[in-house]
Amino acid sequence: MGRQLLAIYNCNSADISAVPRLSINDFRNTIISKVDENLRIVSLFGVPQTDEIIQLIVVLADDRQGILYLTSAEVAGSYQSLTPDCPQAHWFEREIAEQYGIIPQGHPWLKPIRFHNSYTSKDAWNRSSDMIRPGITDFFRVEGKEIHEVSVGPVHAGIIEPGHFRFQCNGENVLHLEISLGYQHRGIERQMKGAACNRWLQYMQTAAGDTTIGHTLAHCSVLEALAGCSIPVRAQVLRGIALELERLANHTGDLGALAGDIGYLPTSSFCGRIRGDFLNMTAILCGNRFGRNFLKPGGTIYDLDSKHIDDLRLRLKAGLKDVENAANCLWTTPTVLSRFEDTGVLAKETAKELGLVGPAARACGLDYDCRYNFASGIYQFQQVPVATWHSGDVFARAYVRWLEIQHSAEFILNQLDTIPDGSISVNTKQITADKIAIAMTEGWRGEICHIALTNSKGEISHYKVVDPSFHNWMGLAVVLRNQQISDFPLCNKSFNLSYCGHDL
Amino acid sequence: MIKALISRIKQGYRTYPFPAKEPVLPERFKGRPIIHNDKCDNCRKCSVACPVNAIIFENAGITIDLGKCVFCGQCQEVCSKGCIEFSKDYRLAATDRQDLLVNEKERKLAAALNKESQKIFGHSLKLRQVSAGGCNACEADTNVLGTLVFDLGRFGIQFVASPRHADGILVTGPVTNNMKEALRKTYDAVPAPKFVIAVGACAISGGIYNGHSEVNNGVNDIKIDLYIPGCPPHPYTILDGLITFLGRRS
């Protein structure tokens, strides 16, 4: 793949000058042909060179080889959209259009995704600043006497982040769902450039607060790749434990919430409690239930002593026993299964075409997991089995979570038994100039990708965050087609995507 | 059915007898900071290290604004004199913004509603939750109050599905530009008299997002009746704040 692509391993950096600069046509053709050859778009983003010229950079993943490929092209004004030939680019092209006013010509669905001012002097929709309001855009409409539209959000009926959903319905049947986000947009990426570095960790910890460890780990790995420092093994183990505890808590909570959405209260109430027990285990690590202030570039802030390890082991075994009991209530209750099975089915081919990641992708039979395909840190030494299921329905998304709960618990117990001695952090070195670094971690929702570029002074000149939800929201929209609208909460919960992680 | 009942027995009774019994918090939990001005040599390393400018130096010495504090512990870490020490005191809620400024003065807990309001709301408070740019941590630790460990319902507090059914709103997040209007509309839709409860550093001051052009630095054009600081506040901090406010705990 010589001149057209630069190969790079996960959690590594390269010289920016080594990233090929293709013509936009070659750039398009390369992406389209590589995605045809089963590579995936991990990220596609713009880096402003001037107010008009934007460098598009793509990160492609070769999951089988565990290699990432980079290439780029400069564009100004507009270019021919990738989306009609490569649907994985859909959301990324909308993001680039909104941020820099670059128009992907022929994009079938070109609308804002976050509703903020353009970062350049050009707005892709020629709106003035006061015209930019959340949810104000064209929505897809089905016309007809028997069609009605249901509009939900941004404020929801429970304690849920804001988002807007528009359903086109024929009776109970949903013909189409359109999801409009951006309500949580806080400008994190933009602020990463130029912010004092004592703020970076806080931004990353709250990019998606329920994935504090996942995002912070990706962030630390990116900085470590830029500084070229290696992390003590003990810290790698501690990081792995924290990441799997986060997965345990959230997956358990999701099983409970799925049970709640179909009115099966035993598992709903058991799992609500057990989720908290797992969060409290994270609090043993660092005092905070979400893992705030546990990680730092160079290692971890806190260590575990033997008392903590024994306490964790005991609690984890008890938690696993309880969640096993609660989950088995689901798998052995016919009324639960009849609601889970064949609801919200996503075909494997569709999931692949849309570029889905995480449990939602694995539930369609795509055997892709960062911890395996792009192993970094402790996962290079201790592998976690990739959990998949074939049916692509709500059941599959629930069952994959249950499989992952078991694998994560086993992983943590192993790590607690074999945790090596040594220090928990190294002093981080100065980050190097004119580099691009990429780090991916498998958060509980799926692949988290952080990319940092540095300038000639060794400062962060561009920072890109891709939350798994960014890939997956479209999956939820597609799943709703030809479902009953009353199944929306269940389908939504089976994806449980992040609003703030998407909106940033 | 039998299976569910057996599971129920196995899972046991799990509601914690709060507030009759104090909660057991993790060893590394960071609650209300304690300030020792006598040790301070005015080096100000703490205020430089603070990512959210929560530390103010005045004549009286160090003051930490809990409305901004994200409890990262950096100030404690960089201070070689031990002037700042995070205690395990989780009772952080306040009814006056000034009471969130922590210095060597005695702590002031949230004031309870007056007797007349207590009669109306003391045993039944319905809230609408608005996440206005929150990261889902404050939201999650508010939501968790509905689980059987905390069992919010036993205090008569409930999160409801419509502002029309609510006695107030509980806001999280720094109030993004994109949620400003929705927050206002939700507030307007709640019948008076109504309460506004701000949960988390973001809702109180904007938190780490303070100063971003994309946000409004927290709830600042509606009067806040109860402040519950933290990033995110521990569920017991939120629960304590709510029941203290209702006059059910002194």
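Note that this is a predicted model, so its numbers are computed, not measured. (Residues numbered from 1 in each chain as written. Chains lettered and ligands numbered in written order. Predicted model: local features only at pLDDT ≥ 70, side-chain atom pairs only at ≥ 80, totals over all residues.)

Trainee: How would you sum up the overall build of chain A? Please name residues and give values.
Mentor: Looking only at helices and strands, chain A features 16 helices and 16 strands. In summary, chain A has a C-alpha radius of gyration of 22 Å against a globular reference of 23 Å for 504 residues, a match within 12%. For chain A, the spread of C-alpha atoms along the three principal axes comes to 65 × 60 × 40 Å. Looking at chain A as a whole, 59% of its 504 residues are labelled buried. Put simply, 68% of the contacts in chain A that link residues at least 6 apart link residues at least 24 apart. (Helix = DSSP H or I, 4+ residues; strand = E, 2+ residues; numbered from the N terminus. Rg over C-alpha atoms; globule rule 2.2 N^0.38 Å. Buried ≥ 20, exposed ≤ 12 C-beta atoms within 10 Å, placed from the backbone. Contact = placed C-beta atoms within 7 Å.)

Trainee: Describe the environment of G443 of chain A, and please don't skip the residues or the numbers.
Mentor: Residue and element names in this part refer to chain A. Residue position: G443 is located in strand 14 (residues 435–443). Residue G443 is classed as buried on the basis of its C-beta count, with 29 C-beta atoms lying within 10 Å. Between the alpha carbons of G443 and R247 there is a distance of 7.1 Å; along the sequence they are 196 residues apart.

Trainee: Residues and numbers for the interface of chain B and chain A, please.
Mentor: Counting residues at the interface gives 50 residues for chain B and 49 residues for chain A. Elements that contribute at least two residues to the side of chain B that touches chain A include exactly helix 1 (2–11), strand 6 (125–131), helix 5 (137–143) and helix 6 (177–189) of chain B. Here the residues of the side of chain B that touches chain A sort into 24 nonpolar, 17 polar and nine charged. (Nonpolar A, V, L, I, M, F, W, Y, C, P; charged D, E, K, R; others polar.)

Trainee: I'd like a rundown of the sheet that holds strand 8 (residues 168–172) of chain B, residues and numbers included.
Mentor: All names here are of chain B. Here we have five strands laid out as an open sheet, ordered 7-6-8-9-10, and parallel in their pairing. Bordering the open sheet on either side are strand 7 (157–159) and strand 10 (226–228), each of which pairs with just one other strand. The mean angle between the axes of side-by-side strands here comes to 25 degrees, regardless of whether they run parallel or antiparallel. In the sheet, strand 6 pairs with strand 8 via five bridges, with the strands oriented parallel. Among the inter-strand pairings, R128 is bridged to a residue of strand 8, identified as I169. (Pairing = 2+ DSSP bridges. Axes fitted to C-alpha atoms, helices over the stretch in contact; angles between N-to-C directions.)

Trainee: Please set out the environment of P104 of chain A residue by residue, giving values where relevant.
Mentor: Residue and element names in this part refer to chain A. Examined against the element boundaries, P104 turns out to sit in strand 8 (residues 103–105). Taking the C-alpha atoms as reference points, P104 and S338, 234 residues apart in sequence, are found 43 Å from one another. Setting aside residues up to four positions removed in sequence, P104 forms contacts with Y79, S81, L82, T83, E93, A97 and L110.

Trainee: Go over the sheet that holds strand 15 (residues 446–454) of chain A with me, naming the residues and quoting the values.
Mentor: Residue and element names in this part refer to chain A. One open sheet holds the four strands; their spatial order is 2-14-15-16, and the pairing between them is antiparallel. Edge strands, defined here as strands with exactly one partner in the open sheet, are strand 2 (12–15) and strand 16 (460–466). Across the sheet, the axes of successive neighbouring strands diverge by a mean angle of 15 degrees, strand direction being ignored. Sheet topology places strand 2 next to strand 14; four bridges connect them, and they run antiparallel. Residue pairing for strand 14: D15 is matched across the bridge by K435. Across the face of the sheet, helix 5 (residues 212–227) comes into contact with strand 2, strand 14 and strand 15 while running at roughly 150 degrees to strand 14.

Trainee: Now, about the nonpolar core: what can you tell me, with residues and values included?
Mentor: Residues V171 and A198 of chain B are the most contacted members of the largest nonpolar core, which totals 236 residues. Those residues in contact with V171 of chain B, other than ones at most four positions away along the chain, are V130, A132, L183, V196, I197, A198, V199, A203 and V219 of chain B. (Core = buried A, V, L, I, M, F, W, Y, C linked by C-beta atoms within 7 Å.)

Trainee: Describe helix 2 (residues 90–100) of chain A, with residues and values.
Mentor: Residues and elements named next belong to chain A. Of all 11 residues making up helix 2, 11 are buried, and the element is well covered by its neighbours. All of the buried residues in helix 2 are H90, W91, F92, E93, R94, E95, I96, A97, E98, Q99 and Y100. Where the residues of helix 2 are buried, they touch strand 4 (40–48), strand 5 (53–62), strand 8 and helix 14 (468–479).

Trainee: Please set out helix 1 (residues 24–36) of chain A residue by residue, giving values where relevant.
Mentor: Residue and element names in this part refer to chain A. For helix 1, with 13 residues, the first-to-last C-alpha span of 18 Å sits near the 18 Å given by 1.5 Å per residue. Looking only at helix 1, the buried set comprises F27, R28, T30, I31, K34 and V35. Along helix 1, the residues classed as buried sweep out an arc of 165 degrees about the axis, all on the same side. Residues of helix 1 that are exposed and point over 90 degrees away from its buried face: N25 and D36. (Expected span 1.5 Å × (residues − 1). Arc of directions from axis to C-beta.)

Trainee: So what about the pairing of strand 6 (residues 67–76) of chain A? Which residues, and what values?
Mentor: Residues and elements named next belong to chain A. In terms of burial, strand 6 is a largely internal element, seven of the 10 residues being buried. One ladder, built from three bridges, connects strand 1 (residues 6–8) with strand 6; its direction is antiparallel. Bridging across to strand 6, A7 finds its partner in Y69. With 10 bridges joining them, strand 5 and strand 6 adopt antiparallel strand pairing. Paired with Q55 across the strands is E74, a residue of strand 6. In sequence, strand 5 turns back onto strand 6 through a hairpin of four residues, with G66 there showing a positive phi of about 70 degrees.

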